[in-house]
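# Chains, contacts and geometry: an overview
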Amino acid sequence: MAELTLTTFLTIDGVMQAPGGPDEDTSGDFPYGGWLVPHADDDMGKTMVEIFSKADAFLLGRTTNDIFSAYWPRVTDPNDPIAGKLNSLPKFVASHTQNTFGWSGSSHVRDVTKEMADIKKRFPREVQVHGSCGLAQTLIKNDLIDEYRLLTFPVVLGTGKRLFGAGAAPATLRLVSSSTTSKGAIVSVYRRAGSLKTGSFALD
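Residues numbered from 1 in each chain as written. Predicted model: local features only at pLDDT ≥ 70, side-chain atom pairs only at ≥ 80, totals over all residues. Heavy atoms only, no water.

### Comments concerning the side chain of Lys120
Where we set the bar: The helix and strand labels rest on DSSP assignments: H or I over at least four residues marks a helix, E over at least two residues marks a strand, and numbering proceeds from the N terminus. For each residue, the accessible area found with a 1.4 Å probe, counting protein chains only, is set against the maximum for its type, and the residue is called buried under 20%, exposed over 50%, and partly exposed in between. Note on definitions: a residue-residue contact is assigned when non-hydrogen atoms from the two residues lie within 4.5 Å.
Relative to the helices and strands, Lys120 resides in helix 4 (residues 112-121). Owing to a relative accessible area of 12%, Lys120 belongs among the buried residues under this scheme. Leaving out residues up to four positions away in the same chain, Lys120 has contacts with Met1, Ala2, Glu3, Leu4 and Asp146.

### Notes on the nonpolar core
This is how the line gets drawn: Here, nonpolar core refers to any group of buried Ala, Val, Leu, Ile, Met, Phe, Trp, Tyr and Cys residues whose side-chain atoms link them within 4.5 Å.
Trp35, Leu86 and Phe153 are the most contacted members of the largest nonpolar core, which totals 26 residues. Of all the secondary-structure elements, those providing two or more residues to this core are helix 1 (42-52), strand 2 (55-61), helix 3 (83-88) and strand 6 (147-153). Among the elements that take part in this core, helix 1 stands out by supplying four residues, more than any other. Membership of the second largest hydrophobic core comes to 25 residues, among which are Ala2, Ala94, Phe123 and Ile140.

### A short note on the pattern of salt bridges
Selection rule: Should a side-chain nitrogen of Lys or Arg be within 4 Å of a carboxyl oxygen of Asp or Glu, the pair is scored as a salt bridge.
A full pass over the atoms with the stated rule returns twelve salt bridges. We note a salt bridge from Arg125 to Asp56, for which the minimum N-O separation is 3.2 Å. Placement of the pair is Arg125 in the loop between helix 4 and strand 5 (126-130) and Asp56 in strand 2, with a sequence separation of 69 residues. Using a relative accessible area of 37% as the deciding quantity, one classes Arg125 as partly exposed. The partner of Arg191 in a salt bridge is Glu147, and the shortest N-O contact between them spans 2.7 Å. Taken as a pair, Arg191 in strand 8 (residues 186-192) and Glu147 in strand 6 lie far apart in primary sequence, 44 residues in all. The class for Glu147 is buried, based on a relative accessible area of 10%. Connected via shared salt-bridge partners are Glu3, Glu126, Glu147, Arg149 and Arg191.

### Observations regarding helix 5 (residues 133-141)
This is how the line gets drawn: Comment: arc refers to directions from the helix axis out to C-beta atoms.
Of the positions making up helix 5, those classed as buried are Cys133, Leu135, Ala136, Leu139 and Ile140. All buried residues of helix 5 project into a common sector of 160° when viewed along the axis, lining one side. Along its buried surface, helix 5 packs onto strand 1 (3-11), strand 2, strand 3 (91-94), helix 4, strand 5 and strand 6. Looking at the residues trailing helix 5, positive phi occurs at Asp143, about 55°.

Shown next, in the form of structure tokens:
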């Protein structure tokens, strides 16, 4: 059975909105689209290629699906390690407002919390979530993510959609690996490690 993994780009203050361009997601009058681009490098590219090599299917929110489907089908080289995966593998799109999608291999997920277990049973390796802020928060709230792959860039924005919202379920994560790119992004991999534990430094 597959694991559900989440990969996303973050600022230091946790913003994940519109990393790739000014028009990617302007909701909430977000003014900083494209904040990641000056910090992209070969190390980031190699990291993403390695992540995509593990995918058997993708689970995307509708907005991210719209962004991806407008771009990746235009990259027609089947040997491209990212486009080849996105264009050929099954894509499950979680949406409350749309149920048909034009990108080849796409199908609708109406209730991700109920359907996720059945989707994971169909694949041996990974069902991958990329970006998809609203979907990610639903998955976090319901403790459905097996592994987090967070690429944190040396940027502070102070506004925008954040990965961990007010509804995030308290939990403990275990750091599996951490590395740094040539431009200062930190690539951290975390896995679920059970419920939140607390303690005290108070003197008896």
